[in-house]
Amino acid sequence: MSFKNKVIYQIYPKSFQDSNGDGWGDIQGIISRLDYLKELGVDCLWLNPMTLSPQKDNGYDVANYREIDPRYGTMADFESLIKEANRRDMTIMLDMVFNHTSTEHEWFQRALKGEKKYQDYYFFRDGSPDKPITNWQSKFGGPAWQYVPSINKWYLHLYDVTQADLNWDNPEVRRECADIVRFWMNKGVKGFRFDVVNLISKANVEEDDPNLFDGRQFYTDGPHVHEYLKELNENSFGKDPSIITVGEMSSTSIENCVKYAGFDAHELSMVFSFHHLKVDYHNQKKWELQEVDFPLLKSILNSWQIGMQENDAWNALFLNNHDQPRSVSRFGDDQVYRKESATMLATIMHLMRGTPYIFQGEEIGMTNAYFHHIDDYVDVESRNYFSIMKEEGKKEEEIYAILQERSRDNARTPMQWTREENAGFTSGKPWLKVNANYNEINVEEERMDEHSILAYYKQLIQLRKKMPLIQDGIYEPLYENHPSLFAYKRKLKDEEIIVLANFYKENIHLDEAFDGYRMLLSNVDKEIYNQQLGPYEVAVLIKE
Ligand code: GLC
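Below or above, wherever it landed, is the structure these notes cover. (Residues numbered from 1 in each chain as written. Predicted model: local features only at pLDDT ≥ 70, side-chain atom pairs only at ≥ 80, totals over all residues. Heavy atoms only, no water.)

Moving on: the overall build of the protein chain. When its secondary structure is counted, the protein chain shows 17 helices and 24 strands. By the compact-globule yardstick of 24 Å for 544 residues, the protein chain fits well, its C-alpha radius of gyration being 23 Å. C-alpha extents for the protein chain along the principal axes are approximately 75 × 55 × 50 Å. Relative to its full complement of 544 residues, the protein chain shows a buried share of 62%. Looking at the protein chain alone, contacts between residues at least 24 apart form 69% of all its contacts between residues at least 6 apart. Surface summary for the protein chain: the accessible area is close to 21200 Å², and the carbon and sulfur share equals 47%. Charged side chains of the protein chain number 62 positive and 87 negative; the gap between the two group centres comes to 3 Å. (Helix = DSSP H or I, 4+ residues; strand = E, 2+ residues; numbered from the N terminus. Rg over C-alpha atoms; globule rule 2.2 N^0.38 Å. Buried < 20%, exposed > 50% of the residue type's maximum accessible area, 1.4 Å probe, protein only. Contact = heavy atoms within 4.5 Å. Areas by Shrake-Rupley, 256 points an atom, 1.4 Å probe, with all protein chains shown as cover. Lys, Arg positive; Asp, Glu negative; His and termini not counted. Charge placed at Lys NZ, Arg CZ, Asp CG, Glu CD.)

Taken together, the eight strands give an open sheet; going across it, the order is β13-β12-β11-β5-β2-β1-β17-β16, and neighbouring strands pair in parallel fashion. Edge positions in the open sheet fall to β13 (270–272) and β16 (316–317), since each of these has one partner strand only. With four bridges connecting them, strand β1 (residues 8–11) and strand β2 (residues 44–47) associate as parallel partners. When the sheet's bridge partners are listed, Tyr9 is paired in β2 with Leu45. (Pairing = 2+ DSSP bridges.)

What follows is about the site of the ligand. Every one of the 14 residues lining the ligand counts as a neighbour, but Asp57, His100, Asp195, His322 and Asp323 are closest to it. His100 has a polar side-chain atom sitting 2.9 Å from an oxygen atom of the ligand. For the ligand, an oxygen atom lies 2.7 Å from a polar atom in the side chain of Asp195. Relative to its unbound accessible area of 310 Å², the ligand is 96% covered by the protein chains. Looking at the shell around the ligand residue by residue, the class counts come to four nonpolar, three polar and seven charged. Residue-level mapping places the shell around the ligand at the junction of two domains, with at least three residues from each of domain 1 (106–165) and domain 2 (171–314). (Near = heavy atom within 4 Å. Polar contact = N/O pair within 3.5 Å; in protein donor to acceptor, adjacent residues only side chain to side chain. Nonpolar A, V, L, I, M, F, W, Y, C, P; charged D, E, K, R; others polar. Domains from an automatic or database assignment.)

A word on the packing of aromatic side chains. Evaluated as defined, the whole model comprises 43 aromatic pairs. When the ring of Trp46 is compared with that of Tyr357, the centres are 6.2 Å apart and the planes differ by 80 degrees; the resulting orientation is edge-to-face. Placement of Trp46 in strand β2 and of Tyr357 in strand β17 (residues 355–359) is noted, with a sequence separation of 311 residues between them. Across the pair, exposure class does not vary: Trp46 and Tyr357 are buried alike. Summarising the aromatic geometry, the rings of Trp287 and Tyr385 are spaced 4.9 Å apart at their centres and angled 15 degrees between planes, so their arrangement reads as stacked. In this pair, Trp287 sits in strand β15 (residues 285–289) while Tyr385 sits in helix α12 (residues 380–391), placing the two residues 98 residues apart along the sequence. Of the two residues examined, Trp287 and Tyr385, each falls in the buried class. Ring-pair connections join several aromatic residues into one group, and the members of that group are Tyr65, Phe98, Trp107, Tyr118, Tyr121, Trp168, Phe192, Phe194, Tyr228 and Phe237. (Phe/Tyr/Trp six-rings, centres within 6.5 Å; stacked < 30°, edge-to-face > 60°.)

So, about the pairing of strand β9 (residues 153–156). Burial of β9 is two-sided: the residues Lys153 and Tyr155 facing one way and the residues Trp154 and Leu156 facing the other way are all buried. As judged from the four bridges shared by strand β8 (residues 145–148) and β9, these two strands associate in the antiparallel manner. Bridge pairing links Tyr147 to Trp154 in β9. Linking β8 back to β9 in an antiparallel pair, the connection comprises four residues, with Asn152 at a positive phi of about 55 degrees.

Here's what the structure looks like:
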């Protein structure tokens, strides 16, 4: 399996590095930072969408799948990015947004002009203008159906009103998507991330959700999803075994993920699942805060590790991405113990069974943005929910407390390179404000310190490369009922490591001495394991 020893780095191109002073990250900017990524030691770069888009949802509203949005550069720039990355033994993974297109896409525009062929690419339904086809809700708030007076029809959009869902039951749509994947394969792209791909097969778009929920039971892991993925695999990336694929799976199950990412399934290499990132949702609602439910977090991570392992399937490992708040702010302490908690969280992820993903800035311990003015928020979801929460009667103070924890903009602030103005991201005005803490938290500082978070990430990446045990070992949870310790063992033949992570500030004392083991890695530079774990301390022991 070509992906077991790899580490993947996610670049949010809009916020990574601007090269021309327009405040917007671009491809030349990425090229200028490839040496940094090489030095970090990652193998593959996943780039969020850079294709032509009105940017209502930051590129996840695609208007043309084969054209680079000029704000990022040109196709020639992209080709040189592939070449320059390959020259440094790194590959490029692109984001394929196939559940929906922008309403500015030619297909949708032709559908609006009445072309039946293109109406069948989407879910258009006749209905009366005052009553949506079903009670389904958009994931960004409000109804999931939009009425178009000029043709007297409604169309389905599970996300923003400008993101119309594609009808995968139409073989033409499936053929178009396979064609697009092949187009990028021909350019030398060696990885694909498929956006919300477990939503592509809808059971019945005309049925109301009887539970008055958002309708997800009708389209999550839908009736033909496995068949459609096998077909896409066969008609595109499956032809090249060196290609790595990952599917983003919304509200999925282990049972389905075993099918998506089973070694013999001929669907995808691995999956992103999100249950472990909802353990601080009150009543399972993103916009209601609660403390992290640590026992639940442990049990979810453990059951996904074991469930996938027992069925020969593969997880993507991550706590951060462009849709999630920063993990150090969420699960750690982003003030006093920022370094300890960032490195502890990285350790538990990188040493699990699966392929680790690093989201830009995570490797230097970037934190949430803590914006407290609505004008500072750009994300469509955050802005929609700001209005929704206001209508519900919440006070602004309370709404900001929620956005500061939950907004996707927390992850999207520009990469912090230096102490210069705008953190060295741009010489112009950044499209989203830079986090105010860039003076202390930036690549330049981290690089000068051999005990930095960055240096620790490099060590973790090298360990995976060196140790087949980390790539292939069996996962076994330890101390499952301990209230503040996250622990597990990895085993391969006679080799063994034990990971002991204190998830909190309070010290932990362990009775077990682990005789016959020595310290392999410590995030507090401890040389000998002494049965004590300080605040957010992690100890990795290896059997002698
Ligand atoms: C995925 C993307 C997210 C986007 C959504 C709709 O969840 O990661 O950024 O808004 O799909 O495309």
